[in-house]
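Summary of structural features
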Amino acid sequence: MEPRMELSGREQEPGAVRLLDLPWEDVLLPHVLSRVPLRQLLRLQRVSRAFRALVQLHLAGLRRFDAAQVSRGPEPRPAWVAPPLAPSPVVHPSDPPEPQGLPGKRARKWGIPLKGRSQVGPQIPRAALTRLLRDAEGLQELMLAPCHEWLSDEDLVPVLVRNPQLRSVALAGCGQLSRRALGALAEGCPRLQRLSLAHCDWVDGLALRGLADRCPALEELDLTACRQLKDEAIVYLAQRRGAGLRSLSLAVNANVGDTAVQELARNCPQLEHLDLTGCLRVGSDGIRTLTEYCRALRSLRVRHCHHVAEPSLSRLRKRGVDIDVEPPLHQALVLLQDVVGFAPFVNLQV
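Report follows, based on the coordinates.

Reading the values: rules and limits
- Residues numbered from 1 in each chain as written.
- Predicted model: local features only at pLDDT ≥ 70, side-chain atom pairs only at ≥ 80, totals over all residues.
- Heavy atoms only, no water.
- Helix = DSSP H or I, 4+ residues; strand = E, 2+ residues; numbered from the N terminus.
- Buried < 20%, exposed > 50% of the residue type's maximum accessible area, 1.4 Å probe, protein only.
- Pairing = 2+ DSSP bridges.
- Axes fitted to C-alpha atoms, helices over the stretch in contact; angles between N-to-C directions.
- Parallel < 35°, antiparallel > 145°, perpendicular 65-115°, else oblique.
- Contact = heavy atoms within 4.5 Å.
- Nonpolar A, V, L, I, M, F, W, Y, C, P; charged D, E, K, R; others polar.
- Arc of directions from axis to C-beta.

Next up on the list: the environment of aspartate 204. As for its placement among the helices and strands, aspartate 204 is situated in the loop between strand 4 (194–196) and helix 8 (205–214). Aspartate 204 gets classed as buried once you look at its relative accessible area, which sits at 12%. Separated by 22 residues in the primary sequence, aspartate 204 and cysteine 226 place their C-alpha atoms 7.6 Å from one another.

Right under this line is the structure:
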């Protein structure tokens, strides 16, 4: 009988143990491959048929997939271990987001490229993404924002169909998708809790209605710059899924006004984070209703909402709600300090 050969072609030394001789499911999958970046897994499966089988077995057990890992370096979070089901804290932008991304922690959370960094989307070939997700059937988190320049319904829908237990999906900036993809997500993933559709101009009222009808577990929804949405669509969302909503972004949408905000206030008692940045039609009436009904509110973003007056925000400030707009007196003191170089003492209790 011929001796076993190493991958390099040399004879295996007596008593030596090859990497592939270790138990796959007990050792290699949870302790080795879970720490290998996805882009390296693409290379590893080219080594031999055995390595290809090992990599495919690992990919079939993925619980979390972030397309940014294909281009970037290794991530500290293991890919094999299922993430906790509790929703992670949401950090909202204080300024209207640029079309290509959101600043800081919010961008990193949803996998959106930051300003000043290379756009990783075009560096991920469609064929590579297809190979990585071909056998995945247990995904709970799916972040595809880096593929925003080319991701289509034909690429996404088969993945959604094979992974009905998805709980978190990030599609920010994926402008090549259509209502069909959102319909497949709503119909096939009833456990969906977090969804980012920021800068998806194709999202309209009909698409949002389908989402509201079929996703009873929805808690966090990012509709930043979905400019086709109007008050009627937001009202329907509030009436159908308001009881469970905890975080909602309607930023950069001039079609959203007080009607939508008031309906959200009356139907979303658990709402903690609301982003209305750049919603020019939102005024003080909507904020007063929000103050009356949303007792769980923790943060409110109303920068560039020029019809929102300070008296409507003062009660929220007293409750400790984080608001991105400073009181007028504070703004005046900051401006004075910039002009004269110091801020005079002012007794705020007078």
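Don't stop here, the text continues.
Below, the discussion takes up the sheet that holds strand 1 (residues 64–66). Taken in spatial order, the 9 strands make up an open sheet running 1-2-3-4-5-6-7-8-9, and their pairing is parallel. A strand with exactly one partner marks an edge of an open sheet, and here the two such strands are strand 1 and strand 9 (322–323).

Below, the discussion takes up the side chain of histidine 148. Mapped onto the elements, histidine 148 comes out in the loop between strand 2 (141–143) and helix 6 (153–162). When its relative accessible area of 18% is taken as the criterion, histidine 148 is described as buried.

So, on to the packing of helix 10 (residues 258–267) against helix 11 (residues 284–293). The N-to-C vectors of helix 10 and helix 11 enclose an angle of 5°; their axes lie 8 Å apart at closest approach. Judged by the angle between their axes, helix 10 and helix 11 are roughly parallel. Here helix 10 contributes Asp258, Val261, Gln262, Ala265 and Arg266 to the contact with helix 11, which in turn contributes Asp285, Gly286, Thr289, Leu290 and Tyr293. Considered class by class, the residues forming the contact of helix 10 with helix 11 number 4 nonpolar, 3 polar and 3 charged.

Our next topic: helix 12 (residues 310–318). Among all positions in helix 12, only Ser312, Leu313 and Leu316 are buried. The buried residues of helix 12 occupy an angular sector of 85° when the element is viewed end-on, so they sit on one face. The outward face of helix 12, more than 90 degrees from its buried face, is lined by the exposed residues Pro311 and Lys318. In this structure, the buried side of helix 12 is in contact with helix 11, strand 8 (299–301) and strand 9. Directly after helix 12, the chain includes glycine 320, whose backbone phi takes a positive value near 85°.

Everything listed here is a matter of coordinates, which is why it stays silent on function.
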